[in-house]
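What follows is each chain in one-letter form.
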Amino acid sequence: MKRLFPIFSAITAALLAYALYQALVVAPTDALQGDVYRIIYYHVPSAWTAFLLFFINFIASIQYLASAKESTQKAAKWVVIVIGAVGVIACFLPQVQHLLPTGMRPSAVATTVLAIPAFYFFVGKFFPGQRLDVLAVTSAEVGVVFCTIVLVTGPIWARPVWGIWWAPGDIRLTSTLVLWLIYVSYLVLRRFSNSAQTQMLAAALAVFGALDVPLVYFSIWFFRTQHPQPVIGGGGSMDPRMLHVLVISWMAFLCFAFLVCWSRFRLELLHREVEEAHAMESLVGAGAAAKASIPLNRSPK
Amino acid sequence: MNSIKFLYAAYIATWAIHAFYIGTLVRRFSRLRREMKELGKGK
């Protein structure tokens, strides 16, 4: 695996350079916004990557909470299977279809619903035991980095286009900021709490935090917002050349996120190894001190 | 609309944030490796 890291890094660097070239040179200029619209090639892929990472964090947290007891684990497996099956069937029922936002395809929603059991079993298989918690903290931290980029690049785009940096009260902007704050508080909790229950508490917080992700995503469908309406996946009319560049850019950012998560995952494992070594050392030290003190404490017979 | 400076600002900000985060990862890695070495020596 260590040999793969530099190879994958080189591929990612090449892909990011290609995506940058596509975004700045190949993508056509927007007739209304001019060149500033090209910010979407960083803003939108960063948002999608952040959502994906928070979704992974959600799945890992559920798995971690469920793994506390064997009975809970079994029940959670069945709940996830039922959610997947019912969700997919429901997407094709006419009564449910008219609840979907205009332009949103039921097949797209069904695929997203199917991702829940798929990710759940994938994560459970490849990240057993404490590795679930390591995956959760990794995805949350890298997700916060990408969400920060969304919150920084958004206002930089808004200033020349809207004339303001931030639209107070806009639900898309506010819910994104709330999402960022929830995951920052998750990381703060993990960083500064020394309780034995920290991992459980953090997992529970992550489950509630993840509920904000659909609100952020669907807010532009269900509410009137200053934020632009969806340009893809919701009946939007994006130029195919622009869409092509957007997909390339997202692939590049996904590879980059994977690389960063890989490093962060290894860092967390090393961190736990060092903590264990410290604990062992202090145990050995305490044991030696106790041995040395036994003869002194014994009362003479 | 003189918007090109905003475009560059957004791209630079993105990579500055990533660079800062990768920098913190590298620092944490080197600190942990140093700690591991010290623990190894102690044994």
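Parameters and conventions
Residues numbered from 1 in each chain as written. Chains lettered and ligands numbered in written order. Predicted model: local features only at pLDDT ≥ 70, side-chain atom pairs only at ≥ 80, totals over all residues. Helix = DSSP H or I, 4+ residues; strand = E, 2+ residues; numbered from the N terminus. Buried ≥ 20, exposed ≤ 12 C-beta atoms within 10 Å, placed from the backbone. Contact = placed C-beta atoms within 7 Å. Expected span 1.5 Å × (residues − 1). Axes fitted to C-alpha atoms, helices over the stretch in contact; angles between N-to-C directions. Parallel < 35°, antiparallel > 145°, perpendicular 65-115°, else oblique. Left-handed = near helix turned anticlockwise from the far one by under 90°. Nonpolar A, V, L, I, M, F, W, Y, C, P; charged D, E, K, R; others polar. Core = buried A, V, L, I, M, F, W, Y, C linked by C-beta atoms within 7 Å. pLDDT = per-residue confidence, 0-100.

## Focus on the overall build of chain B
Next up, step 1: Across its full length, chain B carries one helix and zero strands.
Next up, step 2: The principal-axis extents of the C-alpha atoms in chain B amount to approximately 65 × 5 × 5 Å.
Next up, step 3: Residues counted as buried form 12% of the 43 residues belonging to chain B.

## What to know about the overall build of chain A
Next up, step 1: Counting its regular elements, chain A contains ten helices and zero strands.
Next up, step 2: For chain A, the succession of helices and strands along the chain, N to C, is α-α-α-α-α-α-α-α-α-α.
Next up, step 3: The dimensions of chain A, computed from C-alpha atoms along their principal axes, are 95 × 45 × 40 Å.
Next up, step 4: Counting contacts in chain A only where the partners sit at least 6 residues apart, residues at least 24 apart contribute 79% of the total.

## Thoughts on helix H1 (residues 4-26) of chain A
Next up, step 1: Spanning 23 residues, H1 of chain A covers 31 Å between terminal C-alpha atoms, matching the ideal 33 Å at 1.5 Å per step.
Next up, step 2: All buried positions along H1 of chain A are accounted for by Thr 12, Ala 19 and Ala 23 of chain A.

## Structural notes on the packing of helix H2 (residues 40-66) of chain A against helix H6 (residues 130-162) of chain A
Residue and element names in this part refer to chain A.
Next up, step 1: At their nearest, the axes of H2 and H6 sit 7 Å apart, and the two run at 155 degrees to each other. Considering the angle they form, H2 stands roughly antiparallel to H6. The handedness of the crossing between H2 and H6 is left-handed.
Next up, step 2: A per-class count over the contact of H2 with H6 returns 18 nonpolar, ten polar and one charged.

## A short note on the nonpolar core
It is characteristic of soluble globular proteins that their nonpolar side chains tend to be buried jointly.
Next up, step 1: Core analysis: the largest hydrophobic core is formed by 63 residues, its most contacted members being Ile 39, Ala 60, Ala 136 and Phe 146 of chain A.
Next up, step 2: With 16 residues, H6 of chain A is the single largest residue contributor to this core.
Next up, step 3: The contacts of Ile 39 of chain A, once residues within four sequence positions are left out, are Thr 153, Ile 156 and Trp 157 of chain A together with Leu 7 and Ala 10 of chain B.

## A closer look at the interface of chain B and chain A
Next up, step 1: At the interface, 20 residues of chain B touch 23 residues of chain A.
Next up, step 2: The residue makeup of the side of chain B that touches chain A, split by class, is 15 nonpolar, three polar and two charged.

## Focus: the environment of Val 123 of chain A
Next up, step 1: With respect to the helices and strands, Val 123 of chain A occurs in helix H5 (residues 106-126).
Next up, step 2: Sequence separation between Val 123 of chain A and Ile 59 of chain A is 64 residues; the distance between their C-alpha atoms is 7.5 Å.

## Here's the deal with the packing of H2 of chain A against H5 of chain A
Residues and elements named next belong to chain A.
Next up, step 1: Where H2 contacts H5, the two axes come as close as 9 Å, and the packing angle between them is 60 degrees. The chirality of how H2 crosses H5 is right-handed. Facing Ile 56, Ile 59, Ala 60 and Gln 63 of H2, the residues of H5 in contact are Phe 119, Tyr 120, Val 123 and Gly 124.
Next up, step 2: Of the residues belonging to the contact of H2 with H5, the class tally is six nonpolar, two polar and no charged.

## Re the confidence of the model for chain B
Next up, step 1: When pLDDT is averaged across chain B, the result is 90; 91% of the residues are at 70 or more.
Next up, step 2: For this predicted complex, the interface confidence score (ipTM) comes to 0.92, while the overall pTM stands at 0.89.

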